[in-house]
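Here is how the chains run, residue by residue.
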Amino acid sequence: MYGNKDLFQGKVVLDVGCGTGILSMFAARAGAARVIAVDNSDIIHKARANVIENGLDGVITLIKGRIEELELPVPQVDIIISEWMGYFLLFEAMLDSVLVARDRFLAPGGLLAPSASYVYVTAISDAEYMSDRANYWNNVYGFKMSAMKETGPIKEADVDVIPSSAVVATRALVAEIDHGTTTPTALDFSSPFVVQATQDATIHALLGYFDVAFSRVQATPGPSREDLESAVYADGTVTPKALWKQPESSMGGFTTGPHGTPTHWKQTVFVLREPIVAAAGDELHGHFTCKKSTTNPRELDLEITYFHVPAAMKDQLELARQNAVCQKYQLR
């Protein structure tokens, strides 16, 4: 915000799910004329104390309640800010509340921060992870505890920090969300994907992560599709585009991918039923589906269908597809 103070100068800002009030205070210090901070939990009382302690109670108004139900002291706002992202972007379903706030209160031509988000998948080879996590119950201080292993058709997706050295494939964009136009129902997504092995490797899992964009104009919420689908690495080095570090661009953002600085969102690991031995140039084709759980909309149900396409079989996709595997995961 401090790098874009001209956007906040004299504006009315709404902070959805304000938590401690830190984003509200950033907005006030960036020059907002008024900030309305909303949270439905009791942390709003501590946020109010934080605001008073920093002498910003003349700018920031704090309201306890659900954004879906309450009324604001103003008819509309110029900017909506929120740190709503969860694991794999959509876990906890807080974006739904931001979209309600957008439809109820955002002025025409208003801005959301962040303005867009993107979900990627890639493939990893990580024997150490498989040993420490997936195969942990095979040897617990010298004892086998097979009864503790997951059984049944649905596996729990894991959330962990994976080193960039474990990534052995290109990335695929499976969801592109414009926060200015999307709807809650559209947040359930299904997308085909193709990732290509960048080296000879045993693929143990697919890896999911997300990026977010901060645009100065909501009408252009994020980078071009070409930039979004660009390679993460060039000559063994992470590209500026993949790190959202392009001095010539006014588009800000960050990544939660393994090639970036680790965040508390980490990455999401989808362990494959059986490892895939791939050579450089081989591809993994598939279809990725993510939707809110029917039992708890804050949780996610995921389904991944995938099949290995050796480089020599790229013109025989239907034959390769006969070996397709479908796995179901949940994020709880």
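The following paragraphs examine the structure supplied in this document. (Residues numbered from 1 in each chain as written. Predicted model: local features only at pLDDT ≥ 70, side-chain atom pairs only at ≥ 80, totals over all residues. Heavy atoms only, no water.)

## As for the environment of T305
Then, in step 1: Along the chain, T305 falls in strand β17 (residues 300-309).
Then, in step 2: For T305, a relative accessible area of 26% gives the class partly exposed.
Then, in step 3: For the pair T305 and P192, spaced 113 residues apart in the sequence, the C-alpha separation amounts to 9.2 Å. (Helix = DSSP H or I, 4+ residues; strand = E, 2+ residues; numbered from the N terminus. Buried < 20%, exposed > 50% of the residue type's maximum accessible area, 1.4 Å probe, protein only.)

## Thoughts on the nonpolar core
Then, in step 1: In terms of nonpolar packing, the biggest core is built from 60 residues, with L14, L72, F88, F193 and F288 touching the most fellow members.
Then, in step 2: Apart from the residues lying within four places of it in its own chain, the contact partners of L72 are L14, I36, V38, I63, V77 and F105.
Then, in step 3: Core analysis: the second largest hydrophobic core is formed by 21 residues, A28, V35, A37 and A47 among them. (Core = buried A, V, L, I, M, F, W, Y, C linked by side-chain atoms within 4.5 Å. Contact = heavy atoms within 4.5 Å.)

## Examining the sheet that holds strand β10 (residues 189-196)
Then, in step 1: Strand order across the open sheet formed by five strands is β7-β18-β17-β16-β10, with mixed pairing between neighbours. Single-partner strands in this sheet number two, and they are β7 (154-156) and β10. Sheet twist, expressed as the mean angle between neighbouring strand axes with direction ignored, is 25°.
Then, in step 2: One ladder, built from ten bridges, connects strand β16 (residues 283-292) with β17; its direction is antiparallel. What sits directly across from E283, in β17, is V309. (Pairing = 2+ DSSP bridges. Axes fitted to C-alpha atoms, helices over the stretch in contact; angles between N-to-C directions.)

## Topic: the pairing of strand β9 (residues 172-178)
Then, in step 1: In terms of burial, β9 is largely enclosed, as five of its seven residues are buried.
Then, in step 2: In this sheet, β9 lies alongside strand β6 (residues 116-124) in antiparallel orientation, the contact comprising six bridges. By the bridge assignment, V121 is partnered in β9 with A172.

## A word on the environment of W137
Then, in step 1: Relative to the elements of secondary structure, W137 occurs in the loop between α5 (127-134) and β7.
Then, in step 2: By relative accessible area, W137 is classed as partly exposed at 27%.
Then, in step 3: Once you skip the residues sitting within four places of it in the chain, W137 turns out to touch F143, K144, M145, S146, M148 and K149.

## A short note on unusual backbone geometry
Then, in step 1: Along the chain, A113 connects to P114 via a cis peptide bond; the corresponding omega equals 5°.
Then, in step 2: By the secondary structure assignment, P114 is in the loop between β5 (106-113) and β6.
Then, in step 3: Positive phi values are uncommon outside glycine, yet F88 reaches one of about 50°.
Then, in step 4: Structurally, the position occupied by F88 is in the loop between β4 (77-81) and α4 (95-105).
Then, in step 5: The phi angle at Y141 is positive, at roughly 55°, despite the residue not being glycine.

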